[in-house]
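Per-entry structural report
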Amino acid sequence: MAARGRQYSELVRAGLGFWQLGPVAARGWATRFPSLLGCQRRCVSYGAGAAFSGPLLASASRRYGQNSALDRLLGLSQPDSSLTPRVPAVSMHRDEQDLLLVHRPDMPENPRVLRVVLLGAPNAGKSTLSNQLLGRKVFPVSKKVHTTRCQALGVITEKDAQVILLDTPGLISPVKQKRHHLELSLLEDPWKSMECADLVVVLVDVSDKWTRNQLSPQVLQCLAQFSQVPSILVMNKVDCLKQKSLLLELTAALTDGVVNGKKLKIRQAFCSQQGTHCSSPATNSPNTQSVGSPQRIGWPHFQEIFMLSALSREDVKTLKQYLLAQAQPGPWEFHSEVLTSQTPEEICANIIREKLLEHLPQEVPYNVQQKTIVWEEGPSGELVIVQKLLVPKESHMKILIGPKGHLISQIAEEVGRDLMDIFLCEVQLRLSVKLLH
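In short, a report on the structure. (Residues numbered from 1 in each chain as written. Predicted model: local features only at pLDDT ≥ 70, side-chain atom pairs only at ≥ 80, totals over all residues. Heavy atoms only, no water.)

Considering the overall build of the protein chain
Quick note on the threshold: By the criteria applied, helices consist of DSSP H or I runs no shorter than four residues and strands consist of E runs no shorter than two, each listed in order from the N terminus. Think of it in three bands: with a 1.4 Å probe and only protein chains considered, a residue is buried below 20% of the maximum accessible area for its type, exposed above 50%, and partly exposed in between. The contact definition used throughout considers only heavy atoms, calling two residues in contact when any of these lie within 4.5 Å. In short, Shrake-Rupley with a 1.4 Å probe defines the accessible areas, and a residue's cover is counted only from the protein chains shown.
Within the protein chain one finds 14 helices and 15 strands. For the protein chain, with 437 residues in total, the buried portion stands at 51%. Sequence separation of at least 24 residues holds for 71% of the intrachain contacts in the protein chain that already meet a minimum separation of 6. Accessible surface computed for the protein chain: about 20,900 Å², of which carbon and sulfur atoms make up 52%.

Focus on the sheet that holds strand β15 (residues 427–435)
Filter applied, for reference: Strands qualify as paired when DSSP identifies two bridges or more between them. Angular values range over 0 to 180 degrees, each being the angle between N-to-C directions of two axes fitted as lines to C-alpha atoms, with helices fitted over their stretch in contact.
If you walk across this open sheet you meet the 3 strands as β13-β14-β15, and the pairing is mixed. Looking at the sheet topology across the chains shown, the edges are occupied by β13 (369–377) and β15. Going from strand to strand, the sheet's axes swing by 15° on average, the running direction of each strand aside. The pairing of strand β14 (residues 383–391) with β15 spans 9 bridges and is parallel. In the strand pairing of β15, leucine 390 is matched with lysine 434. Of the strands in this sheet, β13, β14 and β15 touch helix α12 (residues 344–359), which is tilted by about 135° from β13. Contacting β14 and β15, helix α13 (residues 394–401) runs over the sheet at an angle of about 155° to β15.

What to know about unusual backbone geometry
The backbone of asparagine 260 sits at a positive phi, close to 55°, despite the residue not being glycine. Secondary-structure assignment places asparagine 260 in the loop between β8 (258–259) and β9 (262–263). Under the relative-accessibility criterion, asparagine 260 is labelled partly exposed at 37%. Despite not being glycine, leucine 424 has its phi angle at roughly 55°, a positive value. Here leucine 424 lies in the loop between α14 (406–423) and β15.

Let's talk about the side chain of lysine 355
Keep this limit in mind: The term polar contact refers here to a pair of N or O atoms within 3.5 Å; inside protein, the definition further demands a hydrogen-donor-capable atom paired with an acceptor-capable atom, and it admits residues adjacent in sequence only when both atoms are side-chain atoms.
Within the element layout of this structure, lysine 355 appears in helix α12. A polar side-chain atom of lysine 355 sits 3.0 Å from a polar atom in the side chain of aspartate 418. In contact with lysine 355, not counting residues within four places along its chain, are Lys137, Ile411, Glu414, Val415 and Asp418.

Topic: helix α5 (residues 126–134)
Buried residues dominate α5, accounting for 9 of its 9 residues. Within α5, the full set of buried residues consists of Lys126, Ser127, Thr128, Leu129, Ser130, Asn131, Gln132, Leu133 and Leu134. On its buried face, α5 is in contact with β3 (112–120), β4 (152–158), β5 (161–167), β6 (199–205) and α11 (313–326). Trailing α5 by a residue or two, glycine 135 shows a phi angle of about 90°, which is positive.

Re the nonpolar core
For clarity, the threshold we go by: The term nonpolar core refers to a set of buried residues drawn from Ala, Val, Leu, Ile, Met, Phe, Trp, Tyr and Cys, joined through side-chain atoms within 4.5 Å.
One finds Val116, Leu323, Leu400 and Leu419 to be the most contacted residues of the largest nonpolar core, which totals 61 residues. Top element by residues in this core is α14. It accounts for 9 residues. What leucine 400 contacts, discounting residues up to four positions off in sequence, is Leu356, Leu360, Leu389, Val391, Leu407, Ile408, Ile411 and Val433. Counting 38 residues, the second largest nonpolar core, distinct from the first, contains Leu119, Val155, Met194 and Ile305.

Focus on the packing of α12 against α14
Our working definition: Orientation is classified from the angle alone, with under 35 degrees giving roughly parallel, over 145 giving roughly antiparallel, 65 to 115 giving roughly perpendicular, and any other angle giving oblique. Take the far helix as the reference: if the near one is turned anticlockwise from it by less than a right angle, the crossing is left-handed, and if turned clockwise, right-handed. For this classification, the nonpolar set comprises Ala, Val, Leu, Ile, Met, Phe, Trp, Tyr, Cys and Pro, the charged set comprises Asp, Glu, Lys and Arg, and every other residue, Gly included, is treated as polar.
Axis separation between α12 and α14 bottoms out at 10 Å; the angle between their running directions is 140°. Judged by the inter-axis angle, α12 sits oblique to α14. Along this stretch, α12 crosses α14, giving a crossing that reads as right-handed. Within the contact between the two elements, α12 uses Pro344, Ile347, Cys348, Ile351, Ile352, Glu354, Lys355, Leu356, Glu358 and His359 and α14 uses Leu407, Gln410, Ile411, Glu414, Val415, Asp418, Leu419, Ile422 and Phe423. In terms of residue class, the contact of α12 with α14 is made up of 12 nonpolar, 2 polar and 5 charged.

Details of α14
Short version of the rule: Given the number of residues in a helix, its expected span is that number minus one, multiplied by 1.5 Å.
Under the 1.5 Å per step criterion, the end-to-end length of α14 is 26 Å for 18 residues, consistent within 8% with the ideal 26 Å. Counting buried residues along α14, 15 of its 18 residues qualify, which places the element largely inside the surrounding structure.

Some words on a negative patch on the surface
Rule in force here: Only residues above 30% relative accessible area that lack a salt bridge enter a patch, with like-charged residues linked at up to 9 Å and the nonpolar side chains Val, Leu, Ile, Met, Phe, Trp and Tyr linked at up to 5 Å. By definition here, a salt bridge exists when the distance from a side-chain nitrogen of Lys or Arg to a carboxyl oxygen of Asp or Glu is within 4 Å. Counted charges follow a simple rule, with Lys and Arg positive, Asp and Glu negative, and His plus the chain ends left uncounted. For the purpose of locating charges, the reference atoms are NZ of Lys, CZ of Arg, CG of Asp and CD of Glu.
Where like charges cluster on the molecular surface, the negative patch consists of Asp95, Glu96, Asp98 and Glu377. Counting residues per element, the negative patch draws most heavily on helix α4 (residues 94–102), at 3 residues. By the secondary structure assignment, aspartate 95 is in helix α4.

A short note on the packing of α5 against α11
It is the contact of α5 with α11, at a shortest axis distance of 9 Å, that shows an interaxial angle of 75°. As judged from the angle between their axes, α5 and α11 are roughly perpendicular. Contacts between α5 and α11 involve Leu129, Gln132 and Leu133 on the former and, on the latter, Arg313, Val316, Leu319, Lys320 and Leu323. Considering only residue class, the contact of α5 with α11 consists of 5 nonpolar, 1 polar and 2 charged.

A short note on the pairing of β13
Two elements, β13 and β14, share 8 bridges in a ladder whose sense is antiparallel. Residue glutamine 369 lies in a different strand from β14, and its bridge partner there is leucine 390. Counting the residues in the hairpin turn of β13 and β14 gives 5 residues, including glycine 381, whose phi is positive at 90°.

Examining the environment of lysine 393
Examined against the element boundaries, lysine 393 turns out to sit in the loop between β14 and α13. In this structure the C-alpha to C-alpha distance between lysine 393 and leucine 436, which are 43 residues apart in sequence, comes to 7.6 Å.

In structure tokens:
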């Protein structure tokens, strides 16, 4: 009992004080409190002095990629880099990131490049897919619509190939943009991205029964205007589909019954397993049935079809290898250490907005303004961030803070966890909530 009491007292002192964990200290902490770590190895960094800041809990079990910041801090063994492509981190310093973006690409003798635009309706899973393709979470993801507010760029570099991903906002109509007073970038950016695209990936959420049976008018209009750009169809969230036989019907509808210039054959088009790449169907095969569509609700010029879950690394790996293989001879646009064109501050603001959208109800998160007060490197190399969240109503402020400050603490914890795995450094984040005057 005495030993247990000492453990709890040390934890209380840690919470009230200010702990900065380096690799050695972290290993010592993990050794002293193994029962608190569970089956996943974890590390806690506390920021004190803030009324609404909480522990930044980072799990070594990562959703995106394998180079966990916590694994490095704890000195845990890393996978063989020769087998797993290394995913670069993002610098926490804006000037370093800016220099890297303009640095001369370190391309091989025969480089290849591909510019890919991800198109789809709002909340189709474009940012989730982009993060999985990149191997690290750099784009905000939320169940609410319009999480991505403007065009963001990600870079995949493996061997001689470089794939540049343009993660665009969900396509919306001008009427919706005016009605909901949305930023003009939500309307314009997808169209601008198409002007320099080598390949279009059209993403459809097959779990949404209201929208999955046809491509949106905006997507069809965009594809028609840039019909010279090759396109592929990605049917996302197939893991949420209880009736896998529906994939056959959806494939026929979304392609107008035609793939790669050939009539769709039911038997070849249907892939029963997730993450399967459906090859272009043969033209003459016995015992098959042609499928046609009476009206244009799909796009008959897709070159390939993929069925996957963007949350599954194995599913997305098939698509990633396809994109790398499609890269054409040409100079790289970025150094191999570039992961995204976003500034560190933009990444942080986007991740905070993601958590606000995730945890706050209805229109509340859309009315929160963010203001960075402090962004600096601490004495031990940690990233210190202080950000104010400005809200228009006192009721919104109470919702955001939550009972006894629990909600704002949870948001700070989740943001800190994501930022540690993006910047690969320790992060001290303080969030405060203020009323707009």
